[in-house]
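# Notes for the structure review
Spelled out, the chains give:
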Amino acid sequence: MILSAKKLSIGYSDGIVCKDINFCVNKGDFLCIIGENGTGKSTLIKTILGLNKSIKGEIRFSEDYDAQRVGYLPQISEMQKDFPATVKEVVMSGFVGNKKWKLFFNKAEKKLAQDYMRNIGIADLQKKSFRELSGGQQQRVLLTRALCSTDNLLVLDEPTNGLDAKFTKSFYSLLKNLNKQGITIIMVSHNIEKVTEISSHILCLKKDGCFFGTSAEYVESENAQTVSGGAQ
């Protein structure tokens, strides 16, 4: 097991957004977090990452997993879109958080970055300016950066939000392939129909309780008929 939550309540100083959240993530899982607007999907992601304190309960990482080694892909902002660096520089910056006092990238890191760029399909873009790329290309670059910052856990918050249908389809396919290669994924999405096809588990947040189980169990549950999703 990588992490778990029991009787977790999340929110902010002005109140609880969602309560009684229970789930666990094992190595190799593909967990998708869904739910109506306002049920705390992004808040839960921030709580997992330690950016937001839980109101009750806590997220517990296994003792043999470094909680600082999580690859995070947030919703892309206008500031990120205009980042003044080359694709290669953005990708390599994923290693910075692991370097402590080291100032230079070693051969292993450079090779890993090249391997990921080829795997994600952006190797031919590495000398281009990040700000000149399309939205879909930028999201692939940021995904590659997130991979460079982690051992095996990716956390993604609405990674296809605002992108066209063609890219969304290819991006989901890319995530599914990464998961097959052993990368554990936690992803917030409003595309319920698609995520039930590619995920292993579903966490459906609701204000009056939550569902956690396999994707097959979710499809057969009453939650599948009552939750319509919606971007957070």
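Look above for the structure.
Bear in mind that the values here come from a model prediction, so they are computed numbers and not experimental data. (Residues numbered from 1 in each chain as written. Predicted model: local features only at pLDDT ≥ 70, side-chain atom pairs only at ≥ 80, totals over all residues. Heavy atoms only, no water.)

To continue, consider the side chain of T150. For T150, the position within the fold is in the loop between α5 (135-148) and β6 (153-157). The exposure class assigned to T150 is buried, which follows from its relative accessible area of 5%. Within the local environment of T150, its side chain forms a polar contact with the backbone oxygen of R69, the two atoms lying 2.8 Å apart. Reaching out from T150, the side chain makes a polar contact with the backbone oxygen of L153 at a distance of 3.0 Å. The residues contacting T150, other than those within four sequence positions of it, are Y65, R69, V70 and G71. (Helix = DSSP H or I, 4+ residues; strand = E, 2+ residues; numbered from the N terminus. Buried < 20%, exposed > 50% of the residue type's maximum accessible area, 1.4 Å probe, protein only. Polar contact = N/O pair within 3.5 Å; in protein donor to acceptor, adjacent residues only side chain to side chain. Contact = heavy atoms within 4.5 Å.)

Pairing within the open sheet is antiparallel, and its three strands lie in the order β2-β1-β4. Across the chains shown, the open sheet's two edge strands, defined by having one partner strand only, are β2 (15-25) and β4 (59-61). Ignoring strand direction, the axes of neighbouring strands in this sheet form an average angle of 25°. In this sheet, β2 lies alongside strand β1 (residues 3-12) in antiparallel orientation, the contact comprising seven bridges. Within β2, the residue paired with S4 across the bridge is C24. (Pairing = 2+ DSSP bridges. Axes fitted to C-alpha atoms, helices over the stretch in contact; angles between N-to-C directions.)

Right, let's get into the packing of aromatic side chains. Overall, the coordinates contain five aromatic pairs when judged by the stated rule. Measuring from ring centre to ring centre gives 5.3 Å for F167 and F171, while their planes differ by 35°; the resulting arrangement is tilted. Linking F167 with F171, this pair stays in helix α6 (residues 165-180), spanning four residues, or about one helical turn. Using a relative accessible area of 0% as the deciding quantity, one classes F171 as buried. (Phe/Tyr/Trp six-rings, centres within 6.5 Å; stacked < 30°, edge-to-face > 60°.)

To continue, consider unusual backbone geometry. The residue K7 is not glycine, and still its phi comes out positive at about 50°. Mapping K7 onto the fold places it in strand β1. On the basis of relative accessible area, K7 is assigned to the exposed category, the value being 58%. Phi is positive for E158, close to 45°, though the residue is something other than glycine. Counting through the fold element by element, E158 comes out in the loop between β6 and α6.

With mixed pairing, six strands are arranged side by side in an open sheet as β5-β6-β7-β3-β8-β9. Two strands in the sheet have a free side with no partner beyond their single neighbour: β5 (71-73) and β9 (209-214). The average undirected angle you get between the axes of adjacent strands in this sheet is 15°. Two strands pair when backbone bridges link them, and β6 and strand β7 (residues 184-188) are joined in this way by five bridges, in the parallel orientation. Its bridge partner lying in β7, L153 is registered against T184. Packing of helix α1 (residues 41-48) onto the sheet brings it into contact with β3 (30-35), β5, β6, β7 and β8 (201-206), and relative to β3 it is tilted by some 140°. Along the sheet, α5 contacts β5 and β6; its crossing angle with β5, the most-contacted strand, is approximately 160°.

The quantities given are spatial measurements derived from coordinates; they are silent on function.
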